[in-house]
Amino acid sequence: MSERTMSPTIDRKQASIAANLDSVRRMMATAARAAGRDPEDGSLIAVSKTQPAAAILAAIAAGQRHFGENRVQEAAAKWPGLRAGQRGLVLHMIGPLQTNKVREAIEQFDTIHALDRPKLAEKLALEMAAVGRSIPCFVQVNTGREPQKAGVDPLEVDAFVRRCRETYGLTIAGLMCVPPLDEDAAIHFAFLRELARRNGVAGLSMGMSGDVESAIAFGATHVRIGTAIFGARPPKDQPEFHEGG
Ligand SMILES: *Cc1c(COP(=O)(O)O)cnc(C)c1O
């Protein structure tokens with residue numbers, strides 16, 4: 001977790017978003033160079049869950065194009081307005097997805113990062129066909145095998161990825177993980193990279209505000225950063241919290 005736990009006023013917060021984005025981008029570029037990677041390689045997803053439109057507009061004005069949300073309802077309320085008149089915005093669904101929200105998710109989002117069960121894969125395939133819009137998916141892996149956390153068990157990843165591709169015809173753009181809070185994230189990033197390699201999956205959605213540099217060193221193609229850009233959120237919106245269903 002980031003050390004930025006202060007609660008600045010709304011105005012100050014907006015004013016600091018551009019500066020925060022700049023320092024996150026610099027940090028990412030430095031980490032990429034240190035790892036012998038092209039600094040232009042990875043995508044920075046600004047996680048804007050719980051953030052008001054003004055904060056998001058400040059990020060867009062600072063050149064940010066990829067955003068992440070974790071609730072379909074919240075995205076459907078905020079994003080159609082934000083997208084109007086903007087070019088090149090890419091909206092990522094990074095939270096757990098219920099099957100009854102799949103159609104709306106396909107309409108609102110450009111990628112899904114938390115594909116984690118066959119029933120969801122089946123529903124995504126059906127609704128993409130119905131809506132006539134195909135969007136790439138990341139398979140979420142529960143690398144720490146934590147009971148409270150979403151994600152496919154590591155032992156089932158190979159079979160699940162194959163099933164998503166062959167049975168459901170989904171485009172698997174990458175793997176995604178949220179490492180346990182109390183363990184060295186690097187081990188989980190290295191593990192996810194290996195799972196991706198052996199399944200011929202190109203993308204790696206890993207790294208949050210507290211562990212971006214390590215994620216980039218292990219090949220992250222998409223880092224998901226909220227706090228370090230927008231400041232602290234209310235406690236229930238931390239990434240380890242998941243609603244049931
Ligand atoms: C909230 C969230 C993030 C961003 O976390 P920060 O620590 O604020 O950077 C990343 N990934 C997922 C899945 C999340 O829910």
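To be clear, the structure that these remarks concern was listed above.
Residues numbered from 1 in each chain as written. Predicted model: local features only at pLDDT ≥ 70, side-chain atom pairs only at ≥ 80, totals over all residues. Heavy atoms only, no water.

Asker: I'd like a rundown of the site of the ligand, residues and numbers included.
Answerer: Contacts to the ligand come from 13 residues, most closely from Lys-49, Ser-209, Gly-226, Thr-227 and Arg-233. In this structure, an oxygen atom belonging to the ligand sits 2.5 Å away from a side-chain N or O atom of Thr-227. Side-chain polar atom of Arg-233 to an oxygen atom of the ligand: 2.8 Å apart, as the coordinates give it. Look at the ligand: alone it shows 390 Å² of surface, and the protein chains cover 97% of it. When its residues are assigned to classes, the shell around the ligand shows 7 nonpolar, 3 polar and 3 charged. (Near = heavy atom within 4 Å. Polar contact = N/O pair within 3.5 Å; in protein donor to acceptor, adjacent residues only side chain to side chain. Areas by Shrake-Rupley, 256 points an atom, 1.4 Å probe, with all protein chains shown as cover. Nonpolar A, V, L, I, M, F, W, Y, C, P; charged D, E, K, R; others polar.)

Asker: Give me the packing of helix α2 (residues 53-61) against helix α3 (residues 72-83): which residues, what numbers.
Answerer: Packing of α2 against α3 leaves a shortest axis separation of 11 Å and a crossing angle of 40°. By the angle between their directions, the pair α2 and α3 is classed as oblique. The chirality of how α2 crosses α3 is right-handed. Here Ala-53, Ile-56 and Leu-57 of α2 come into contact with α3, specifically with Lys-78, Trp-79 and Leu-82. Classifying every residue of the contact of α2 with α3 gives 5 nonpolar, no polar and 1 charged. (Axes fitted to C-alpha atoms, helices over the stretch in contact; angles between N-to-C directions. Helix = DSSP H or I, 4+ residues; strand = E, 2+ residues; numbered from the N terminus. Parallel < 35°, antiparallel > 145°, perpendicular 65-115°, else oblique. Left-handed = near helix turned anticlockwise from the far one by under 90°. Contact = heavy atoms within 4.5 Å.)

Asker: For the nonpolar core, give the residues involved together with the corresponding values.
Answerer: The nonpolar side chains of soluble globular proteins are, as a tendency, buried together. Counting residues in each nonpolar core, the largest one holds 64 residues, and the members touching the most others are Phe-67, Leu-115, Leu-124, Leu-170 and Leu-175. Counting residues per element, this core draws most heavily on helix α1 (residues 10-34), at 6 residues. Those residues in contact with Leu-175, other than ones at most four positions away along the chain, are Phe-138, Val-139, Val-141, Val-157, Val-161, Leu-192, Leu-195, Ala-196, Val-201, Gly-203, Leu-204 and Ser-205. (Core = buried A, V, L, I, M, F, W, Y, C linked by side-chain atoms within 4.5 Å. Buried < 20%, exposed > 50% of the residue type's maximum accessible area, 1.4 Å probe, protein only.)

Asker: How would you summarise helix α7 (residues 185-198) if you had to cite specific residues and measurements?
Answerer: Taking 1.5 Å as the rise per residue, α7 with 14 residues should run 20 Å; its terminal C-alpha atoms sit 20 Å apart, in good agreement. Among the residues of α7, Ala-185, Ala-186, His-188, Phe-189, Leu-192, Leu-195 and Ala-196 are the ones counted as buried. Where α7 begins, one side-chain oxygen reaches toward the backbone nitrogen of Ala-186, 3.1 Å away; that side chain belongs to Asp-184. Within two residues after α7, Gly-200 carries a phi angle of roughly 65°, on the positive side. (Expected span 1.5 Å × (residues − 1).)

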